[in-house]
Amino acid sequence: MIECKKLCKTYFAGTPSQVDALTDVSLKIKTGEFIVVTGPSGSGKSTLLHLLSALDRPSSGKVLINNKDTSHKTDKELSLLRRNLLGFIFQGFNLIPIISAIENVALPLIPTKTNREEIRERAVKLLESVGLGHRLDHKPIELSGGERQRVAVARSLINNPRMVFADEPTGELDSKTGRSVIKLMRDLNKKQKTAFVMATHDESLIDYAKRHIKMKDGRIVEDNHNNDVKGF
Amino acid sequence: MIKFSVRNLLKRKTRSLLTLSGIVIGVAMIIALVSVSEGLTMLATEFVGNFQGIFVLQKDVPDDIFSRINLEDAEAIEEMSGVKKASGQIIGIVRGLEGAETEIGLESLTAGYFIGVGPEDEELLASTYNAEVDKGRFLTDNDKYGVVIGSGIADSYNKNVGDKIIFNDIKWRVVGVFNEGAGFMEQGIAIPLERAQEINGFEDDIVTMLSVMPENPDEIDEVVKHIDLRYPHLDAYTAQELGETAGDFLGTIRTAFWLISIVAGIVGGIGVANTMITSVYERTKEIGILRAVGWTQRNIVVLILTEGLVLSIIGGIIGIFLGSAVANAIAGVTGFVVYVSFELVTQAFTFALTVGLIGGLYPAIKAAQMDPVTALRYE
Ligand SMILES: Nc1ncnc2c1ncn2[C@@H]1O[C@H](COP(=O)(O)OP(=O)(O)OP(=O)(O)O)[C@@H](O)[C@H]1O
Ligand SMILES: [Mg+2]
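Each value, and the rule that gives it
- Residues numbered from 1 in each chain as written.
- Chains lettered and ligands numbered in written order.
- Predicted model: local features only at pLDDT ≥ 70, side-chain atom pairs only at ≥ 80, totals over all residues.
- Heavy atoms only, no water.
- Donors = N, O, S within 2.8 Å, 3.2 Å for Na, K, Ca; no water.
- Helix = DSSP H or I, 4+ residues; strand = E, 2+ residues; numbered from the N terminus.
- Buried < 20%, exposed > 50% of the residue type's maximum accessible area, 1.4 Å probe, protein only.
- Contact = heavy atoms within 4.5 Å.
- Patch = residues over 30% accessible without salt bridge, like charges linked within 9 Å, V, L, I, M, F, W, Y side chains within 5 Å.
- Areas by Shrake-Rupley, 256 points an atom, 1.4 Å probe, with all protein chains shown as cover.
- Salt bridge = Lys/Arg side-chain N within 4 Å of Asp/Glu carboxyl O.
- Lys, Arg positive; Asp, Glu negative; His and termini not counted.
- Charge placed at Lys NZ, Arg CZ, Asp CG, Glu CD.
- Phe/Tyr/Trp six-rings, centres within 6.5 Å; stacked < 30°, edge-to-face > 60°.
- Pairing = 2+ DSSP bridges.
- Axes fitted to C-alpha atoms, helices over the stretch in contact; angles between N-to-C directions.

What about the coordination of the magnesium ion (ligand 2)?
All names here are of chain A.
1) Next: Those donors, S46 (OG) and Q91 (OE1), are the protein atoms that reach the magnesium ion (ligand 2), and they lie 1.8 to 2.2 Å from it. Of this pair, S46 sits in helix α1 (residues 45–52) while Q91 sits in the loop between β6 (86–89) and α3 (101–106), placing them 45 residues apart in sequence.
2) Next: Overall, S46 belongs to the buried group, its relative accessible area being 14%.
3) Next: Judged by relative accessible area, which is 42%, Q91 ranks as partly exposed.

Laid out in structure tokens, this is it:
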């Protein structure tokens, strides 16, 4: 479904402070996969996720979404692609502080034709499913770190995405809540074939994933399929 | 989307109020200034429309107030061919009407000037100012302190025939009230010529101006020419010319007021744009998030512009009401006639919308062009 070929991302190219955040990354992600990406801080996990989800454009190389090269697509086409197919949980919470949890969850659908009632219903359901049914009208500042992260999870799912990119989705959670978030993702993965690509520092999550990609210095150093996925 | 932008505005109250007040002040300024100048223009038009006849003033005086004419000239002019009648009057300023404080500077335009006339001037007032006695009677030789007041004054001070009225430290008695639609005389008071001379400290035979009625209105220009020729120390105008001069003057005021409004508008517009730009910078991260979750650049532009438009519409409406209130207050204090026309309201509202749109457009485009990843990393 999403494929990248010889992806490179370079910051400050040609200057002494040049950073090669990604070098020659090639990868194929199929529908319904469940992938964990690990690697030391600065190894390029976030950068890879941004490029795969068409949030950012590579310095060189290609990203293909549903076999179509994204490099020729307009900004609008990429935005619509994100809106219709993809979900994103950002590193850090990236919630809008002045609006409530439910409004944050509803954000992706506001410019769409989906009617207000339906958006609300969906948002409530998602917040309930991440255990925040009692925190609908709280603003991010009134929520704990873990609760904020779960709001972000709910938001990434509001548009029924085919693939969700999760950047440190459990970084702020204790291991128990962290696992419950992973379980939620796994359930969705099983029932709706939603694909997940998750970047994390938490090595213990590797066992829950069907595929594990390890990065170092902007390159993929390991790409393993795990046939013995740990249950809950 | 509209609901979302309204929520955004409500959540950022201080910013919204700042922007809003910029628009409100701009619109209110336009309404207040222009309505006053339009009111004055209307007054001037009425003035021109109602005046007939000829005015004679002393030549080369810096202001009409300094004009001094001997009544002998009136008699002589009346003898000229083509002249039906010539009489002298004194125009003066009413001070302390019913104990009111009149402010220097504004008073000449406010409710408050008197015209010293003789009993024989009734016809003249009717033909020149369109002022006819509606209630009571005109002045007679027996009226020492009798006055005929304009309907405007009668209304404002609730005076009627037989009432006492005080101004210029003298107690007068109202003997008549002029009709409504007496133009200039609506806010004027006719007093006996002798009293006017006393108030102004003039000799018995001195007046400020002469009013001349031609035998035949079609020959008015010739009569003016004759007077100018024969009496080099005098200056004759048709009322028409006088009205036009006033009209020119008001035209200048109008232009000045419009210019002030435009400047106010530009300043307001820049203020609005400025608050909106700051607000967009403050929201860099938020816009990055929206872009990341699939909002198109266009969605962002629409969002920011909607916010700007909502503020303009609200600001425009408040501004129109505030401006009208201010205009009415000005009218109340100074006695100016103000006129808030539908056109003016439309123009002011268009101004508000333009400010909101232009003020919002630049930040909106700026916001939409931000790179989402950079915006997300922005702290
Ligand atoms: N906008 C940028 N300008 C310059 N360098 C950048 C920029 N964004 C990322 N980098 C650099 O690219 C490298 C990869 O960053 P990235 O955020 O992808 O790492 P990461 O693996 O997600 O790290 P972490 O686990 O800490 O989140 C880092 O060295 C980082 O400093
Ligand atoms: Mg990262």
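Here's the deal with the environment of B:N200
Residue and element names in this part refer to chain B.
1) Next: Looking at the secondary structure, you find N200 in helix α6 (residues 193–200).
2) Next: For N200, a relative accessible area of 29% puts it in the partly exposed group.
3) Next: In this structure, N200 is in contact with I90, I91 and F114, ignoring residues within four places of it in sequence.

Digging into a negative patch on the surface
All names here are of chain B.
1) Next: A grouping of E72, E75, E78, E79, E120, D141, E194, E203, D204 and D205 is seen on the molecular surface, where their side chains present a negatively charged patch.
2) Next: When residues in the negative patch are grouped by element, the largest group, four residues, is from helix α3 (residues 71–79).
3) Next: Tracing the sequence through the fold places E203 in the loop between α6 and β10 (206–207).
4) Next: Overall, E203 belongs to the exposed group, its relative accessible area being 57%.

Focus: the packing of aromatic side chains
1) Next: In the structure shown here, the tally under the stated rule is six aromatic pairs over all chains.
2) Next: For the ring pair A:F34 and A:F196, a centre distance of 5.6 Å and an interplane angle of 45 degrees mean the geometry is tilted. You can see A:F34 sitting in strand β3 (residues 34–38) and its partner A:F196 sitting in strand β8 (residues 195–199), a full 162 residues away along the chain.
3) Next: Judged by relative accessible area, which is 1%, A:F34 ranks as buried.
4) Next: Judged by centre distance (5.0 Å) and plane angle (15 degrees), the ring pair of B:F167 and B:W172 falls under stacked.
5) Next: A relative accessible area of 0% places B:F167 in the buried class.
6) Next: Residue B:W172 is classed as buried on the basis of its relative accessible area, which comes to 1%.

As for the sheet that holds β3(A)
All names here are of chain A.
1) Next: Taken in spatial order, the six strands make up an open sheet running β6-β7-β8-β3-β9-β10, and their pairing is mixed. In the strand order of this sheet, the two ends are held by β6 and β10 (219–225), each with one partner. On average, adjacent strands in this sheet sit at an angle of 15 degrees to one another, irrespective of strand direction.
2) Next: Bridge analysis of β3 against strand β9 (residues 211–216) gives four bridges, and the strand direction is parallel. Across the sheet, I35 pairs through a bridge with R211, a residue of β9.
3) Next: Seen against the sheet, helix α5 (residues 145–157) touches β6, β7 (163–167) and β8 and runs at an angle of roughly 170 degrees to β6.
4) Next: Lying on the sheet, helix α6 (residues 175–192) is in contact with β3, β6, β7 and β8; it crosses β8 at an angle near 150 degrees.

This is a description of form; function is not addressed.
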